[in-house]
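The lines below spell out each chain.
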Amino acid sequence: MNIKSTLKFITLFYTLINSFPLAKAVEIFSVDTKKSSQITNNLSKKCFHRNIILSEEKLFNKYKDNCTRDSTREITKTAKKDSPFILANLSNSKKELEIKSEIQSEENNILNAKGNVLVLYKGNSLKADSLIYDKTNKIITANGNVSLNIGDQIFQMVSLKYDFNNERGYLLNVKGLLKTDNLIDDLFSNFENSDIKKNEILKEINKDKVKHTSSNIDNWIFFTDKLEVDGNKWKSVKAIFTNDLLELKQVKIEVNSLEAVAEKGELRFKSSVNFLILDEKINIPFWVGDRTLTKEIRYENSWNVGFDNIDRDGLYIGRKLNSINISNDFTLDIEPQILLQRSLQGHTKSFVNKGDAINGDKVKRNATLKDYFALNSRIKGKFNKWNLEIDQQNNSLDPEKFSDSIRLKTNLNKDITFLNSKWNKSFYGIYRDRVWNGSLGETEIYGGYGSKLEKQNSWVVNGISNNEVLSLGLANLKGEALNSKNMVKTTKGNFFYSLDRKIPVNVVEPSNLFVDRSYNYIPEPITKGLNLNTKLELLYSFYGSGNNQQYLGIGAGPEYVFGDFKKKSFDYTKISILPFYKLKSGDSLFKFDQISDKFTLGIAYDQQLFGPLIIKNSATLKVSRAKDYAEFINSKISLNWKKRSYEFGIFYQPHNETGGFSFSLFGFK
């Protein structure tokens, strides 16, 4: 299960709290200069009578100007007549704290503000029913309908208390809405340049309707009974997070014993065992561990359960460990795995005999303790605007099987401008890369390096969706020969172009893209009706030996969708069929990229069964005049539990004997 976005948010929340004016309020409230004290005293003692109840804010600026006059009698007279809100600070500078309220009084150096209290500081705002500030002990307390806005971030709570001298305090019954797409910018931006008028003082956290954000999850709601702050450390016994902005019930993340420490521009946090709660019925435990977070978020933490009969002899389980910072720009992720089925059966069929060629036939061999474990690792980073990624897989920790157990991919890429378009330029290296080539089955690229220039483009015109891919490549590769077990090594160049289109024939578009509580099973309304899918492909490859191969592929077929997926059973069906034909000539030197299967039939079928239970099937069928007229060369079947806020499924791919679990969270705004 991949809950990267979920756990990323947990850490950002505590970063946000630590940067709220409470952390900066020492500057705001502890202005003990003679001049500042005099301003406040003049405001409460000279300009106004105590406990004057005021009703309108439109004369606020006029009244503030009156306070600079010397005539107390004239000011008092104006106050009684106009009744504006009271200011606790007269400065117009955004570096100063402003407190507005209907009633203000001060006694024994304690400021009391009541009635629609509004605190402004550097573009941030705090609103409460009442506020008390003890100037002597530097303690602030806000009570009743307390709300806090920092940029686009929204917080509501019952009360707040903070002691600036001891740097301790707490927040009670906190509820918030975080927008993670601009959270970091809100935290670290120059608030002096922000305009408080752009942000509403009170915003609604609960939503009546929401819109699906397909790319990622940008909005989260969280709850906690109490947040304690002690210096730069924040603690919570239990905090709840959810991406379900409507009912807050479908998905919850329960984080226990959370502790966050902010220092030197980064956040360190830890927690005990936490739970993913589905529909308030199923609790799935997971462990976060100790984490360090900077402005650039890199986070993965999950258990991985899968099935791989080729490399791992069946069922296995793995867990991604804490990321290791190699340097400021590079991280290392490690996932140890336990090969359960191999260890239980005591043997393996994933390796050739000792001393045989690497592409020899795999045989049954006794497994040792070192064979019961596997290891995946990934190095990611940047230098000089290039992205580097190195992926390594080892399906045994036995050093004697190292060359047969390791698979390696390296990729160095960046976006460039070429022919007035955006392209991705990459350099890569591979060792034992698995390739599935239709009816020819699985083979491997046993070694190679190369470069690729690729452009992808998507657009919609008159309701027609278009997806285009254009790539140019040049490589030096080693692989199994097309018609024998011999190894072949040569250069290869290729040109590839594809264009996929979805053309509406008779469709019913939803009246709007929002969903409400009646949408229990899907994150967005369904577009129903008949579409025509078309596919065009062009390929030309040439090899150092003088060989070349090319094909033109064309295909077209219907896709039909009906149902709203809102009723209890059989309220959603999706069927698509895509015949695809290749006109080809020439042959490759390699088995892994030989153009095969001239005529194929792509089939996909999704069907709601009952409630959120849906079955999904997809397959590619080879069609020929041979004895086996039809043969499945690619297939996948999955059974999913689909809800508005999440989807959980189990899948299996018969063609390459792999399977596993999938889990997705959906985002809304």
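Report on the accompanying structure. (Residues numbered from 1 in each chain as written. Predicted model: local features only at pLDDT ≥ 70, side-chain atom pairs only at ≥ 80, totals over all residues. Heavy atoms only, no water.)

## Observations concerning the overall build of the protein
Then, number 1: Along the protein, the regular secondary structure elements total 8 helices and 40 strands.
Then, number 2: Counting the 669 residues in the protein, one finds 46% classified as buried.
Then, number 3: The contacts of the protein with a sequence gap of at least 6 include a subset with a gap of at least 24, amounting to 55%.
Then, number 4: A total accessible area of about 33,700 Å² is found for the protein, and carbon and sulfur atoms account for 52% of it. (Helix = DSSP H or I, 4+ residues; strand = E, 2+ residues; numbered from the N terminus. Buried < 20%, exposed > 50% of the residue type's maximum accessible area, 1.4 Å probe, protein only. Contact = heavy atoms within 4.5 Å. Areas by Shrake-Rupley, 256 points an atom, 1.4 Å probe, with all protein chains shown as cover.)

## With respect to the environment of Gly611
Then, number 1: If you trace the backbone, Gly611 turns up in the loop between strand S35 (599–610) and strand S36 (613–623).
Then, number 2: Gly611 sits in the buried class, given a relative accessible area of 2%.
Then, number 3: The spacing of Gly611 and Asp571 is 40 residues in sequence and 9.1 Å in space, taken between C-alpha atoms.
Then, number 4: Excluding residues that lie within four positions of it along the chain, Gly611 makes contacts with Tyr521, Phe565 and Lys568.

## With respect to the nonpolar core
As a rule of thumb, soluble globular proteins bury nonpolar side chains together.
Then, number 1: If you look at the biggest cluster of nonpolar residues, it comprises 40 residues, and the most contacted ones within it are Ile99, Leu131, Met157, Leu171, Leu276 and Leu665.
Then, number 2: If one sorts the elements of this core by residue count, strand S6 (residues 139–150) sits on top with 5 residues.
Then, number 3: By size, the runner-up hydrophobic cluster in this structure holds 18 residues, among which are Ile154, Val515, Tyr519 and Tyr521. (Core = buried A, V, L, I, M, F, W, Y, C linked by side-chain atoms within 4.5 Å.)

## Details of the environment of Lys582
Then, number 1: Mapped onto the fold, Lys582 is located in strand S34 (residues 573–586).
Then, number 2: For the pair Lys582 and Gly555, spaced 27 residues apart in the sequence, the C-alpha separation amounts to 8.9 Å.
Then, number 3: Not counting chain neighbours up to four residues away, the residues in contact with Lys582 comprise Tyr551, Leu552, Gly553, Ile595, Ser596, Asp597 and Lys598.

## Overview of the pattern of salt bridges
Then, number 1: Applying the stated criterion to the full structure yields 36 salt bridges.
Then, number 2: With a shortest N-O distance of 3.8 Å, Asp361 and Lys485 are connected by a salt bridge. Highlighted residues: Asp361 in the loop between strand S21 (347–352) and strand S22 (362–366) and Lys485 in the loop between strand S29 (464–480) and strand S30 (487–508), separated in sequence by 124 residues.
Then, number 3: On the basis of relative accessible area, Asp361 is assigned to the exposed category, the value being 56%. (Salt bridge = Lys/Arg side-chain N within 4 Å of Asp/Glu carboxyl O.)

## As for the pairing of strand S33 (residues 548–562)
Then, number 1: With 14 bridges joining them, strand S32 (residues 528–543) and S33 adopt antiparallel strand pairing. Its bridge partner lying in S33, Leu530 is registered against Tyr560.
Then, number 2: In textbook terms, the turn of a hairpin is the stretch between consecutive antiparallel strands, and for S32 and S33 this stretch comprises 4 residues, one of which, Gly546, has a positive phi near 105°.
Then, number 3: Pairing between S33 and S34: 11 bridges, direction antiparallel. (Pairing = 2+ DSSP bridges.)

## Some points on a nonpolar patch on the surface
Then, number 1: The grouping of Leu472, Leu474, Phe495, Leu538, Tyr540, Phe542, Leu552, Ile554, Tyr581 and Leu583 at the surface amounts to a nonpolar patch, some 860 Å² of accessible area in total.
Then, number 2: Looking at the nonpolar patch, the elements that each hand over two or more residues are S29, S32, S33 and S34.
Then, number 3: Examining the composition of the nonpolar patch, we find that 3 residues originate from one element, S32, more than from any other.
Then, number 4: Secondary-structure assignment places Leu474 in strand S29. (Patch = residues over 30% accessible without salt bridge, like charges linked within 9 Å, V, L, I, M, F, W, Y side chains within 5 Å.)

## Some details on the packing of aromatic side chains
Then, number 1: Taken as a whole and judged by the stated rule, the model has 15 aromatic pairs.
Then, number 2: Ring geometry for Trp386 and Phe427: centres 5.9 Å apart, planes at 45°, overall tilted. Of this pair, Trp386 sits in strand S24 (residues 386–394) while Phe427 sits in strand S26 (residues 421–431), placing them 41 residues apart in sequence.
Then, number 3: Looking at Phe427, the relative accessible area reads 38%, which means it is partly exposed.
Then, number 4: With centroids separated by 5.6 Å and ring planes inclined at 45°, the aromatic side chains of Tyr521 and Phe565 adopt a geometry described as tilted. Of this pair, Tyr521 sits in the loop between strand S31 (514–515) and S32 while Phe565 sits in the loop between S33 and S34, placing them 44 residues apart in sequence. Per residue, the accessibility class of Tyr521 equals that of Phe565, and both read buried.
Then, number 5: Taken together, the aromatic side chains of Phe155, Phe222 and Phe241 make up a single cluster linked through ring pairs.
Then, number 6: Taking NZ or CZ as reference, Lys209 lies 5.0 Å from the ring centre of Phe514, over its face. (Phe/Tyr/Trp six-rings, centres within 6.5 Å; stacked < 30°, edge-to-face > 60°. Lys NZ or Arg CZ within 6 Å of the ring centre and 35° of its normal.)

## So, the side chain of Ser638
Then, number 1: Tracing the sequence through the fold places Ser638 in strand S37 (residues 630–642).
Then, number 2: The exposure class assigned to Ser638 is buried, which follows from its relative accessible area of 10%.
Then, number 3: Of note is the side chain of Ser638, whose polar atom sits 3.4 Å from the side chain of Asn640.
Then, number 4: The residues contacting Ser638, other than those within four sequence positions of it, are Ile614, Ile615, Lys616, Ile650 and Phe651. (Polar contact = N/O pair within 3.5 Å; in protein donor to acceptor, adjacent residues only side chain to side chain.)

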